[in-house]
Amino acid sequence: MFLNFLFASIKAGTPLLFGTTGEIMTEKTGNINLGVEGMMFMGAFMGFYTGYHTGSLALALLAAFGIGVVAALIYAVVTVTFMANQNVAGLTLTIFGIGFGKFFGEAMIGKAGGSPKLSEEFMASISEKPLPVLGNLPVIGKLLFSHNPLVYLSILVAVLCTIYMLRTRAGLNMRAVGENPAAADATGINVTLVKYIHILLGGGICGLGGAYLSLINGGGIWNNSSVVNGQGWISVALVIFASWNPVKAIFGSLIFGAFSVLQFYVPKDVIVIPNAFYVMLPFLITTMVLIITSMKKSKEGSQPAGCGVNYFREER
Amino acid sequence: MENMKNETMAIELRKITKTFGSVVANNNIDLSVKQGEILALLGENGSGKTTLMNMLSGIYKPDHGTILMNGHTVTINSPEDSIKLGVGMIHQHFKLVEALSATDNIILGGTEKGIFLHKRRSEKIREISKRFGLEVDPEKKVYQMSVSEKQTVEILKVLYRKADILILDEPTAVLTPQETKRLFEILRRMKQEGCAVIIITHKLNEVLDISDRVTILRKGESVATVTTSHTSAKELTELMVGRPVELSINHPVTNFNENLLELHHLTVSNEQGYEMIKDISFDLNRGEILGVAGVAGSGQKELCEAIAGLLPVKKGAILYHNENLVGKSPKEIIKMGISMSFIPEDRLGMGLAASMGMVDNMLLKKYNEGNSPFVSKKEARELAKRLVKQLDIVTPNVDTPVRRLSGGNVQKVLLGREIASEPNVIITAYAVRGLDINSSYTIYDLLNEQKQKGVGILFIGEDLDVMLELCDRIMVLCHGKVTGIVDAKTTTKEQLGLLMTDALAGKEESHE
């Protein structure tokens, strides 16, 4: 029972991990993109739509990533090039993204004459199966090595992003841009280019999170009303919880995943709490985490100093 | 290559013009530096020194004019271009990433091969710093560094990139005399190695000490270039200001013999909870200017804010006519009939509301007066107009947002407002920071005037030469402790410098 709970937590945490990793890449380069919710919604639709029509998981993921990049491109043009307020641009992107997903989702439902359903073959490609050898290990085999392929992908992306950030030259340049764009600029780094690259990359990763929600969580059926449902917002908060480190976000997303599936694993006859409470729980915890983490004051593991401020070289 | 002159110029600027909107920052400026030469760039505030240098470092692009390097015309479109041409600039406000280590700051943006960062990258930096005799821990994070350490990192950055044209924008503003000496030694060594050095500074004695030639800018134009060995501080000032100026600071003698403010064993923590002021005691008399010297970040800010009631006091007492001010809010302190004027170091941040005009800024201090629920703008407007006249404040009108005024005028507005409230105590932090010679002397005169009226003045300063002339006594802070209170008449700059670095107090505190 507990094992099942943990297993489900990992599953539920995966879209959060995508969203958080994507947002970390964005924030580390000095931009807060509050459009995660919207980018995920767009990714959810594009992923499902492509999977529905082509039956290919790879194409579905590529499409979800691509639409995330396009969404982030809108944000990047508006904030980096035209220097609009980042918060407003991000919030607008969220509204746009949700509208985009629902509009085309509705169209897709209309065309299919009812909720569209992914093909059997497609569902097989994203089913949970034990990995060879590792999957046969006792306990761990079931808990860690019997997931759908996207779970591994999310962890791979998080680990790669962390190595990139902390161990590579490009990662160092990107961190410098996020902390102090003027200093980075003075050393000859192309601030605008670095920002664009990472905002787009972050958007793409968020799009993958959306695809996970529509392909896996949705059980293969498109549901216009409850695809993303606040996961994007939790991801934004998780960035702080993970202190801008994708590897830490793996654990953070696990915890939040656990809270979101808790209601299915609490014995209902022993503890009687209204369902609405469980639905609220992740958001309540998010709020509490934000309060606690904002009390700590340390230069390391805190928000990049240049975050939220647009950079203009000739500003005096 | 044709050699028109005997020596090639490392840098030659011809007729450089740069405008910001309607403001002409640089107008037809000519300037040249040879290899192995140190050129001082001198000029009052707003004369366009930094703008000019930023065009060499690629921050700005000139509207007109040509830049030549080693005899060839070059175009500098970005900092990257500038670095490639071998220009290294050390900005007045350091361009360092606080959260990164010294090493990472130095190698940042570098063109080395390889995707991954070298595990032992610090070794190479340590090597370079040893070769040039610069002490810095390559692994230390910049935010944990003192100002002079940060500057060392900036210099290393330039050395690491093997720049042969070095530009320093007011590098000594934040250094102790000893640190300045060390910096100059490094500059001389770079000069011997054939580097061209341009140094911007306000301090005339430094110009005379370090430079080979001096180019003087006035109101965005290059007015003269002189050989340092053939000039004097007086001549330089006259060229800079455009007319003869008296270069000595008045030092009126007062005779009040009355204690105004007494601090007993004061301990103050900053917002992060670090003890910034540790057990300090001193007193301030009527008609006295008490200077506070110390390396930046030694607790000056916290001391000011604690006395003004902005920071909570952990231990100790602040007595004003034997009444303890500790625990009282700024408003209560004002209500007690104590008028204390705090002129913070961050003029447009804490001192004035930048986007409001003079009139509204006057109101900030007076809004509570009178019984009407509405503020009366009339008096504030009169006061603003009076100040403009009395202090020669240059402003289009009294409603112009103060951020549009030059640094000197902003300071005059702030000081004028505080003096208008007829205070007993004035606390001023870096009153002349960033001001040119003329404005600085106006500020000194204003403070002296108040001193003669019997006001006690706490003067947090950075230029030791000025403090020795202006102040009656000088208190030296180091790591939040008082390392000495000395008589300004009998002290030397070197003694102050030693007190500032705590060389006399021994090394009780070890830093990692």
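Rules behind the numbers
Residues numbered from 1 in each chain as written. Chains lettered and ligands numbered in written order. Predicted model: local features only at pLDDT ≥ 70, side-chain atom pairs only at ≥ 80, totals over all residues. Helix = DSSP H or I, 4+ residues; strand = E, 2+ residues; numbered from the N terminus. Rg over C-alpha atoms; globule rule 2.2 N^0.38 Å. Buried ≥ 20, exposed ≤ 12 C-beta atoms within 10 Å, placed from the backbone. Contact = placed C-beta atoms within 7 Å. Pairing = 2+ DSSP bridges. Axes fitted to C-alpha atoms, helices over the stretch in contact; angles between N-to-C directions. Nonpolar A, V, L, I, M, F, W, Y, C, P; charged D, E, K, R; others polar. Expected span 1.5 Å × (residues − 1). Bend = angle between axes of the 7 residues up to and from the residue. Domains from an automatic or database assignment. pLDDT = per-residue confidence, 0-100. Parallel < 35°, antiparallel > 145°, perpendicular 65-115°, else oblique. Left-handed = near helix turned anticlockwise from the far one by under 90°.

Scanning chain B from N- to C-terminus turns up 17 helices and 20 strands. Relative to the 2.2 N^0.38 estimate, which gives 24 Å for 512 residues, the radius of gyration of chain B is 24 Å and therefore close to what a compact globule would have. Projected onto its principal axes, the C-alpha coordinates of chain B cover approximately 80 × 55 × 45 Å. Out of the 512 residues belonging to chain B, those deemed buried represent 45%.

The next point concerns the overall build of chain A. Along its length, chain A carries 13 helices and 0 strands. Tracing chain A from N to C terminus, the helices and strands come up as α-α-α-α-α-α-α-α-α-α-α-α-α. By the compact-globule yardstick of 20 Å for 316 residues, chain A fits well, its C-alpha radius of gyration being 20 Å. Projected onto the principal axes, the alpha-carbon positions of chain A cover approximately 65 × 45 × 40 Å. Each of the 316 residues in chain A was classed as buried or not, and the buried ones make up 47%. Pairs at least 24 residues apart make up 78% of the contacts formed inside chain A by residues separated by at least 6 positions.

Moving on: the sheet that holds strand E5 (residues 72-74) of chain B. All names here are of chain B. With respect to topology, 4 strands assemble into an open sheet ordered E2-E1-E4-E5, the strand pairing being antiparallel. Taken across any chain shown, the strands that pair with only one partner, and hence form the sheet edges, are strand E2 (23-34) and E5. Each adjacent strand pair in this sheet contributes to an overall mean axis angle of 25 degrees, direction not counted. Both strand E4 (residues 64-69) and E5 contribute to a ladder of 3 bridges, which runs antiparallel. Looking at E5, one finds that Met69 is bridged to His72.

All names here are of chain B. Bridge count for strand E11 (residues 259-269) against strand E14 (residues 313-320) is 6 bridges, and the pairing is antiparallel. Paired with Leu261 across the bridge in E14 is Tyr320. For E14 and strand E15 (residues 323-324), the ladder comprises 2 bridges, and the chain directions are antiparallel. The residue of E15 that forms the bridge with Leu319 is Asn324. Counted along the chain from E14 to the antiparallel partner E15, the turn is 2 residues long, and its residue His321 has a positive phi close to 50 degrees.

The next subject is the interface of chain A and chain B. Counting residues at the interface gives 23 residues for chain A, matched by 21 residues for chain B. Every element with two or more residues in the side of chain A that touches chain B is listed here: helix H8 (169-179) and helix H9 (181-186) of chain A. At 6 residues, the largest contribution of residues to the side of chain A that touches chain B is made by H8 of chain A. Class assignment for the residues of the side of chain A that touches chain B results in 8 nonpolar, 5 polar and 10 charged.

All right, on to the sheet that holds E11 of chain B then. All names here are of chain B. Pairing is antiparallel in the open sheet, where 4 strands are placed in the order E12-E11-E14-E15. Two strands in the sheet have a free side with no partner beyond their single neighbour: strand E12 (275-285) and E15. The pairing of E11 with E12 spans 7 bridges and is classified as antiparallel. Counted as the bridge partner of Leu263 is Phe282 from E12. In this fold helix H9 (residues 300-307) packs onto E11, E12 and E14, with an angle of close to 60 degrees to the strand it touches most, E12.

Turning our eyes to something else, we now look at helix H13 (residues 275-295) of chain A. Between its first and last C-alpha, H13 of chain A extends 31 Å over 21 residues, near the 30 Å set by a 1.5 Å rise per residue. Approximately 40 degrees is the largest bend angle found in H13 of chain A, and it occurs at Leu281 of chain A, with the proline Pro282 of chain A only one to four residues beyond.

The next point concerns the domain arrangement of chain B. Residue and element names in this part refer to chain B. Along its sequence, chain B is organised into domain 1 (8-241) and domain 2 (259-511). Opposite the 13 residues of domain 1 that make contact, domain 2 presents 18 residues. Secondary-structure elements contributing two or more residues to the side of domain 1 that touches domain 2 are helix H6 (177-192) and helix H8 (233-241). The element that contributes the greatest number of residues to the side of domain 1 that touches domain 2 is H8, accounting for 3 residues.

Bringing the confidence of the model for chain B into the picture now. Residues and elements named next belong to chain B. Per-chain confidence: chain B averages 84 in pLDDT, with 93% of residues scoring 70 or above. Between residues 504-512, whose pLDDT stays under 50, and residues either more than four places distant or in other chains, the model counts 6 contacts. Across the predicted assembly, pTM comes out at 0.79 and ipTM at 0.86.

Residues and elements named next belong to chain B. Tracing the chain through its elements places Gly294 in the loop between strand E13 (288-293) and H9. Given 27 C-beta atoms within a 10 Å radius, Gly294 is considered buried. For the pair formed by Gly294 and Ile83, sequence separation is 211 residues and the distance between their alpha carbons is 35 Å. Those residues in contact with Gly294 that lie beyond four places of it in its chain are Gln300, Val476, Leu477, Cys478 and Met500.

Unusually for a residue other than glycine, Asn229 of chain A sits at a positive phi of about 55 degrees. Take Asn229 of chain A: it is sitting in the loop between helix H10 (191-217) and helix H11 (231-241). For Asn229 of chain A, a count of 16 C-beta atoms within 10 Å translates into the label partly exposed. Despite not being glycine, Glu170 of chain B has its phi angle at roughly 45 degrees, a positive value. Tracing the backbone shows Glu170 of chain B in the loop between strand E7 (165-169) and H6.

A separate point is the packing of helix H3 (residues 57-81) of chain A against helix H4 (residues 86-112) of chain A. Residues and elements named next belong to chain A. H4 packs onto H3 with a crossing angle of 155 degrees between their chain directions and a minimal axis gap of 10 Å. Taken together, the axes of H3 and H4 lie roughly antiparallel to each other. For H3 against H4, the interelement crossing comes out right-handed. Where H3 approaches H4, its residues Ala71, Ile74, Tyr75, Val78 and Thr79 are matched on the opposing element by Gln86, Ala89, Gly90, Leu93 and Gly97. Considered class by class, the residues forming the contact of H3 with H4 number 6 nonpolar, 4 polar and no charged.

Now for the pairing of strand E18 (residues 456-460) of chain B. Two faces belong to every sheet, and in a regular strand the side chains alternate between them. Residue and element names in this part refer to chain B. The buried fraction of E18 amounts to 5 of the 5 residues, a majority that puts the element mostly inside the structure. Side chains Gly456, Leu458 and Ile460 of E18 all project onto a buried face; the interleaved residues Ile457 and Phe459 project onto the opposite face, where all are buried too. Sheet analysis places E13 next to E18, joined by 5 bridges and oriented parallel. Looking across to E18, one finds that Glu288 is bridged to Gly456. Bridging between strand E17 (residues 425-429) and E18 involves 5 bridges; their strand directions are parallel. Within E18, the position partnered with Thr428 by the bridge is Phe459.

Residues and elements named next belong to chain B. As for its position among the elements, Glu275 is in strand E12. Considering only alpha carbons, one finds Glu275 and Pro138, 137 residues apart in sequence, at a separation of 26 Å. Not counting residues within four places of it along the chain, the set of residues in contact with Glu275 comprises Thr267, Ser269 and Gly480.

What follows deals with helix H12 (residues 358-366) of chain B. Every α-helix winds through 3.6 residues per turn, so residues three or four apart in the chain are directed the same way. Within the sequence span of H12 of chain B, burial applies to Met358, Val359, Asp360, Asn361, Met362 and Leu363 of chain B. As for H12 of chain B, its buried residues are in contact with helix H13 (377-391) and helix H14 (407-420) of chain B.

Here the focus is the packing of helix H12 (residues 246-261) of chain A against H13 of chain A. All names here are of chain A. The contact between H12 and H13 brings their axes to 7 Å, and the two run at 145 degrees. Judged by residue contacts, Phe256, Phe259 and Ser260 of H12 engage Leu281, Pro282 and Ile285 from H13. Residue classes in the contact of H12 with H13 are distributed as 5 nonpolar, 1 polar and no charged.

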